[in-house]
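Here is what each chain is made of, one letter per residue.
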Amino acid sequence: MAYQFDFVDVFKYTDVLAKGIAFTVTLIGVGGTLGIAVGIFGAWARGYSRMKWLDWTVGAYVELVRNTPFLIQLFFIFFGLPSLGVKLTELQAALIAMVFNLGAYSTEIIRAGIEAVPRGQLEAGASLAMSRLQVFKHVVLRPALQKIWPALTSQLVIVMFGSAVCSQIAVEELTFAANFIQSRNFRAFEVYFIATGLYLVLAILLRQGMRGLGNWLVFGRRSP
Amino acid sequence: MPLIAIEGLHKRFGSNEVLKGIDLGIEAGEVVAIIGKSGSGKSTLLRCMNGLEAYQAGKITVEGTPVTQDETDLRHLRLRVGMIFQQFNLFPHLTAGRNVMLAPMIVKGTAEAEARTIAAKVLERVGLGQKFDAFPDQLSGGQQQRVAIARALAMEPRALLCDEITSALDPELVNEVLQVVKGLAQDGMTLAMVTHEMRFARDVCDRVIFMHLGKVHEIGPPSEVFSNPRTPELQQFLGQLH
């Protein structure tokens, strides 16, 4: 009983797929950038700020995110916040959820990098009369990011796959597109076959992009 | 009034008292070597002088200003007292030139062009004018340490603290660093160095401080300390070196 593949019915929906890709790329592009920014702030807050309440607050945030499912976080933001009077579109809610989620994981990843910077580097910065914030910005951050760049890249890829969950609140990203198409033409195998391939390509591109970005921003040996 | 004045300094790590009452004055332009066995407290003393270690009792003043753990005070202090470390501690992601330029630019607000001129000048002074664009991992240990000296000099400190700055170097690289330090001493820089280079201490330093069990055990000009050690501890310490 051989299965007859029929991709023609899927290719009729190329525009839907293209839109799905655009949404997924938007989610990971915007969510990833802001999430890493949150992570850098969180790592600073936990390891460097010397403000107990901030350290504690960020710590609680990190544990909250790491110990609850992403889907619940998304539902909380999309269905829960409107009850408090915060109205969000699907895309806004999805982006907030992604930043919220990635921010927590990247806080811990970046903090690990910061702790791996030798103490002597900090002392050298301090002995040159730099403030703690200056030491963090100019001495610690880049070497720290160098150490954890591969881990951060993997986390981004995981979060991109996690963005599939956003289909549950009708964000028209790639998984939503796939679900939509198979509900129309009942060609589930073909549709998810293609969606899988597209995710694979996106993930490879994301890794390559992070490698390029890393070489430019983090590992870059730009002579003055 | 000495440039750096230390009175009754006590420092504990937990229950371990490392400095047990240090009194010491370092005059402007003076070159002082601090010697002693490992664990005698010599590095800790040096680190207290620029606030890298807090202390429990006593007083340190630099040009009359007390050394505290207040961040603003510390930054003022460190503008006047530079430090060079055993492990060089160059910033690995920056070139030699940028290592030197960084602090003048972000701490003193020096314009980039001027910082570059300063960096070129101090790198020239330590004999590394050609290495401006080299990254730390492209330099030998001796060269890295000389960049570290240049980096400290760029802040125009009144005094430099050197914490075993040749101990991590291969023997053949020690001399190039000591030559630079000798040049600084001749130019009138105030230097306090923890060192195991006894020949250097004898040739270059004005005074030698022998530390033992957290106290200044013996102090005097090198001719006296090395030729006529008065205490059995110093005799034993010097004896072990041969």
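Scroll up a little and you will see the structure.
Here's what I pulled together on the structure shown here.

Analysis parameters
Residues numbered from 1 in each chain as written. Chains lettered and ligands numbered in written order. Predicted model: local features only at pLDDT ≥ 70, side-chain atom pairs only at ≥ 80, totals over all residues. Heavy atoms only, no water. Helix = DSSP H or I, 4+ residues; strand = E, 2+ residues; numbered from the N terminus. Buried < 20%, exposed > 50% of the residue type's maximum accessible area, 1.4 Å probe, protein only. Contact = heavy atoms within 4.5 Å. Lys, Arg positive; Asp, Glu negative; His and termini not counted. Charge placed at Lys NZ, Arg CZ, Asp CG, Glu CD. Pairing = 2+ DSSP bridges. Axes fitted to C-alpha atoms, helices over the stretch in contact; angles between N-to-C directions. Buried area = accessible area lost by both parts, 1.4 Å probe. Salt bridge = Lys/Arg side-chain N within 4 Å of Asp/Glu carboxyl O. Polar contact = N/O pair within 3.5 Å; in protein donor to acceptor, adjacent residues only side chain to side chain. Nonpolar A, V, L, I, M, F, W, Y, C, P; charged D, E, K, R; others polar. Parallel < 35°, antiparallel > 145°, perpendicular 65-115°, else oblique. Left-handed = near helix turned anticlockwise from the far one by under 90°. 1 Å grid on protein atoms, 1.4 Å probe; cavity = no way out; pocket = protein on both sides within 12 Å on 5 of 7 lines; lining within 4 Å. Points joined across faces, edges and corners; volume = space filled by probe spheres on them. Phe/Tyr/Trp six-rings, centres within 6.5 Å; stacked < 30°, edge-to-face > 60°. Lys NZ or Arg CZ within 6 Å of the ring centre and 35° of its normal.

1. Description of the overall build of chain A
Here is step 1 of the chain: The helix and strand tally for chain A stands at nine helices and zero strands.
Here is step 2 of the chain: Tracing chain A from N to C terminus, the helices and strands come up as α-α-α-α-α-α-α-α-α.
Here is step 3 of the chain: Along the three orthogonal principal directions, the C-alpha set of chain A runs to about 75 × 45 × 30 Å.
Here is step 4 of the chain: Out of the 224 residues belonging to chain A, those deemed buried represent 46%.
Here is step 5 of the chain: Across chain A, every contact between residues at least 6 apart in sequence was considered, and the portion connecting residues at least 24 apart equals 79%.
Here is step 6 of the chain: Each charge class in chain A can be summarised by its mean position, and for the 19 positive and 12 negative side chains these summaries are 13 Å apart.

2. Things to note about the sheet that holds strand E5 (residues 65-66) of chain B
Residues and elements named next belong to chain B.
Here is step 1 of the chain: Taken together, the four strands give an open sheet; going across it, the order is E2-E1-E4-E5, and neighbouring strands pair in antiparallel fashion. Each edge of the sheet is formed by a strand with only one pairing partner; in this case those strands are strand E2 (16-26) and E5.
Here is step 2 of the chain: Bridge analysis of strand E1 (residues 4-13) against strand E4 (residues 57-62) gives five bridges, and the strand direction is antiparallel. Bridge pairing in E4 links His10 to Ala57.
Here is step 3 of the chain: Set on the sheet, helix H1 (residues 42-49) makes contact with E1, E2 and E4; between it and E1 the angle comes to about 120°.

3. Here we look at the interface of chain B and chain A
Here is step 1 of the chain: Taken together, the 30 residues of chain B in the interface contact 23 residues of chain A.
Here is step 2 of the chain: Here chain B meets chain A over a buried area of about 2,300 Å², counting both sides, of which 59% is carbon and sulfur.
Here is step 3 of the chain: For chain B, the biggest contributors to the area lost against chain A are Phe91, His93 and Ile106 of chain B; these three give 25% of the whole.
Here is step 4 of the chain: For the pair chain B and chain A, the number of links is one salt bridge.
Here is step 5 of the chain: For Glu123 of chain A, the salt bridge identified is with Arg47 of chain B, shortest N-O distance 2.6 Å.
Here is step 6 of the chain: If you look at where chain B meets chain A, you find eight residue pairs in polar contact (both at pLDDT 80 or more).
Here is step 7 of the chain: Elements with a contribution of two residues or more to the side of chain B that touches chain A: helix H2 (71-80), strand E6 (81-84), helix H3 (96-108) and helix H5 (141-153) of chain B.
Here is step 8 of the chain: No other element matches the five residues that H3 of chain B contributes to the side of chain B that touches chain A.
Here is step 9 of the chain: Its residues assigned to classes, the side of chain B that touches chain A shows 16 nonpolar, five polar and nine charged.

4. Digging into the sheet that holds strand E3 (residues 31-36) of chain B
Residues and elements named next belong to chain B.
Here is step 1 of the chain: With respect to topology, six strands assemble into an open sheet ordered E6-E7-E8-E3-E9-E10, the strand pairing being mixed. Both edges of this open sheet fall to E6 and strand E10 (215-220), since each of them pairs with a single strand only. Neighbouring strand axes in the sheet, compared pairwise and without regard to direction, differ in orientation by 20° on average.
Here is step 2 of the chain: Of the strand pairs in this sheet, E6 and strand E7 (residues 159-163) are connected by four bridges, and their pairing is parallel. The residue bridging Met83 from the neighbouring strand is Leu161, located in E7.

5. Focus: the packing of H3 of chain B against H5 of chain B
Residues and elements named next belong to chain B.
Here is step 1 of the chain: Between H3 and H5, whose axes approach to 8 Å, the crossing angle comes to 25°. Taken together, the axes of H3 and H5 are roughly parallel relative to one another. Here H3 runs over H5; the crossing is right-handed. Residues Ala96, Asn99 and Val100 of H3 form the contact with H5, whose participating residues are Val147, Ala150 and Arg151.

6. Some points on the layout of surface pockets
Here is step 1 of the chain: Approximately 470 Å³ is the volume found for the largest pocket.
Here is step 2 of the chain: Mapped by element, the contributors of at least two residues to the lining of the largest pocket are helix H6 (119-127) and helix H7 (132-162) of chain A together with H2 of chain B.
Here is step 3 of the chain: Tallied by class, residues from the lining of the largest pocket come to seven nonpolar, three polar and seven charged.

7. Considering the packing of aromatic side chains
Here is step 1 of the chain: Throughout the structure, instances matching the rule amount to 16 aromatic pairs over all chains.
Here is step 2 of the chain: Taken together, a centroid distance of 5.8 Å and an interplanar angle of 40° make the contact between Phe41 of chain A and Trp44 of chain A tilted. Here Trp44 of chain A and Phe41 of chain A lie together in helix H2 (residues 14-47), a separation of three residues that amounts to about one turn.
Here is step 3 of the chain: Assessed through its relative accessible area of 18%, Trp44 of chain A is described here as buried.
Here is step 4 of the chain: Aromatic side chains Phe189 of chain A and Phe193 of chain A sit 6.4 Å apart centroid to centroid with 85° between the ring planes, which places their arrangement in the edge-to-face category. One end of the pair is Phe189 of chain A and the other is Phe193 of chain A, both in helix H9 (residues 188-218) and four residues apart, which spans about a single turn.
Here is step 5 of the chain: On the basis of relative accessibility, which here comes to 48%, the residue Phe193 of chain A falls in the partly exposed class.
Here is step 6 of the chain: Across the ring face of Phe91 of chain B, the terminal group of Arg151 of chain B is positioned such that the distance to the ring centre comes to 4.4 Å.

So far we have only geometry, and geometry alone does not tell us how the molecule works.
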